[in-house]
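Here is what each chain is made of, one letter per residue.
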Amino acid sequence: QVQLVESGGGLVQAGGSLRLSCAASGRTFSNNAMGWFRQAPGKEREFVAAITGSGGSTYYGDSVKGRFTISRDNGKNTVYLQMNSLKPEDTAVYSCAADRKYYTATYYLRQSMNYDYWGQGTQVTVSS
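The shown structure was predicted, so the numbers you read here are calculated from the model rather than taken from an experiment.

Student: Help me out: how do you make sense of the state of the cysteines in this one?
Tutor: What the rule picks out here adds up to 1 disulfide. The side chain of Cys22 participates in a disulfide bridge whose partner is Cys96; the two sulfur atoms lie 1.9 Å from each other. Judged by the sign of its S-S torsion, about 45°, the bond between Cys22 and Cys96 is right-handed. With Cys22 in strand S3 (residues 18-25) and Cys96 in strand S9 (residues 92-98), this pair connects stretches of sequence that are 74 residues apart.

What follows is the structure, encoded as structure tokens:
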């Protein structure tokens, strides 16, 4: 059974940093893209970042570009999201996702419906 488990969320002041982790189990995703999405109360799920299986390509949502960095350690079957210069508008539940297919196009990886596995999410709260 495939499981994605996020960790690292919490409460941080504006301008601070957090590092989220997403550990996968049940199968290896070293050849598959993984992504991060977030959802704030009353808002639609938003694409945050994605990374291809090799880690050679990364993609970011416009609102986080230049502040967030996605990376992965295939030996640990884990993907990370380093979040710097956090803003109150970054407050949301952050979820990681994995695709069991092998597509790598940016337009594809930005859409949550294309991912097959999801974690339960971790809350990130940024105070002003």
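Continuing now.
Student: Teacher, can you tell me more about the pattern of salt bridges here?
Tutor: Note that side chains of opposite charge can pair when their charged atoms are close. As enumerated under the stated definition, the model contains 7 salt bridges in all. The salt bridge partner of Lys65 is Asp62, with a shortest N-O separation of 3.3 Å. Of the charged contacts in the structure, one is a salt bridge between Asp116 and Lys101, with a shortest N-O distance of 2.9 Å. Residue Asp116 is located in the loop between helix H1 (106-109) and strand S10 (117-118), and its partner Lys101 is located in the loop between S9 and H1; the two are separated by 15 residues in the primary sequence. The partly exposed category is assigned to Asp116, whose relative accessible area is 29%.

Student: Looking at this structure, how should I read the nonpolar core?
Tutor: Soluble globular proteins tend to pack their nonpolar side chains together in the buried interior. In terms of nonpolar packing, the biggest core is built from 27 residues, with Trp36, Leu81, Met83 and Tyr94 touching the most fellow members. Of all the secondary structure elements, the ones that give two or more residues to this core are S3, strand S4 (34-39), strand S5 (46-51), strand S7 (68-73), strand S8 (78-83), S9 and strand S11 (122-127). Grouped together as the second largest cluster of nonpolar side chains are 9 residues, Phe37, Phe47, Ala97 and Tyr108 included.

Student: Sorry, what's going on with the sheet that holds S3 here?
Tutor: Strand pairing in a sheet is mediated by backbone hydrogen bonds. Such pairs are either parallel or antiparallel. With respect to topology, 4 strands assemble into an open sheet ordered S1-S3-S8-S7, the strand pairing being antiparallel. Edge positions in the open sheet fall to strand S1 (3-7) and S7, since each of these has one partner strand only. Averaged over all pairs of adjacent strands, the angle between strand axes in this sheet comes to 15°, irrespective of strand direction. The pairing of S3 with S8 spans 6 bridges and is classified as antiparallel. The partner of Cys22 across the bridge, within S8, is Val79.

Student: Got a minute to help me understand the side chain of Asp99 in this structure?
Tutor: Relative to the elements of secondary structure, Asp99 occurs in the loop between S9 and H1. Note on Asp99: relative accessible area 0%, which makes it buried. A distance of 3.0 Å separates a polar atom in the side chain of Asp99 from a polar atom in the side chain of Lys101. Setting aside chain neighbours within four positions, we find Asp99 in contact with Phe29, Asn32, Ala33, Tyr108, Asn114, Tyr115 and Asp116.

Thresholds, definitions, all that
- Numbers given for residues are sequential positions, taken from 1 along each chain in its written order.
- Since the coordinates come from a predicted model, pLDDT governs what is reported: local features require at least 70, and pairs of side-chain atoms require 80 or more to be given and counted, while whole-chain, interface and lining totals use all residues.
- No hydrogens and no water enter the side-chain calculation; it runs on all heavy atoms of the structure.
- Pairs of cysteine sulfur atoms within 2.5 Å are what we label disulfides.
- Put simply, DSSP H or I for four residues or longer makes a helix, DSSP E for two residues or longer makes a strand, and each gets a number counted from the N terminus.
- Salt bridge, as used here, is a side-chain nitrogen of Lys or Arg placed within 4 Å of a carboxyl oxygen of Asp or Glu.
- When a residue's accessible area, from a 1.4 Å probe over protein chains only, is under 20% of the maximum for its type it is buried; when over 50% it is exposed; and in between it is partly exposed.
- Only buried residues count toward a nonpolar core. Its members are Ala, Val, Leu, Ile, Met, Phe, Trp, Tyr and Cys residues joined through side-chain atoms within 4.5 Å.
- By this definition, two strands are paired if DSSP reports at least two bridges between them.
- Here an angle of 0 to 180 degrees is reported between the N-to-C directions of two axes, which are lines fitted to C-alpha atoms, with helices fitted over the stretch in contact.
- Counting of polar contacts relies on pairs of N or O atoms within 3.5 Å, with two restrictions inside protein: one atom must be capable of donating a hydrogen and the other of accepting it, and residues adjacent in sequence are counted only when both atoms are side-chain atoms.
- By definition in these notes, contact holds between two residues if any of their heavy atoms fall within 4.5 Å.

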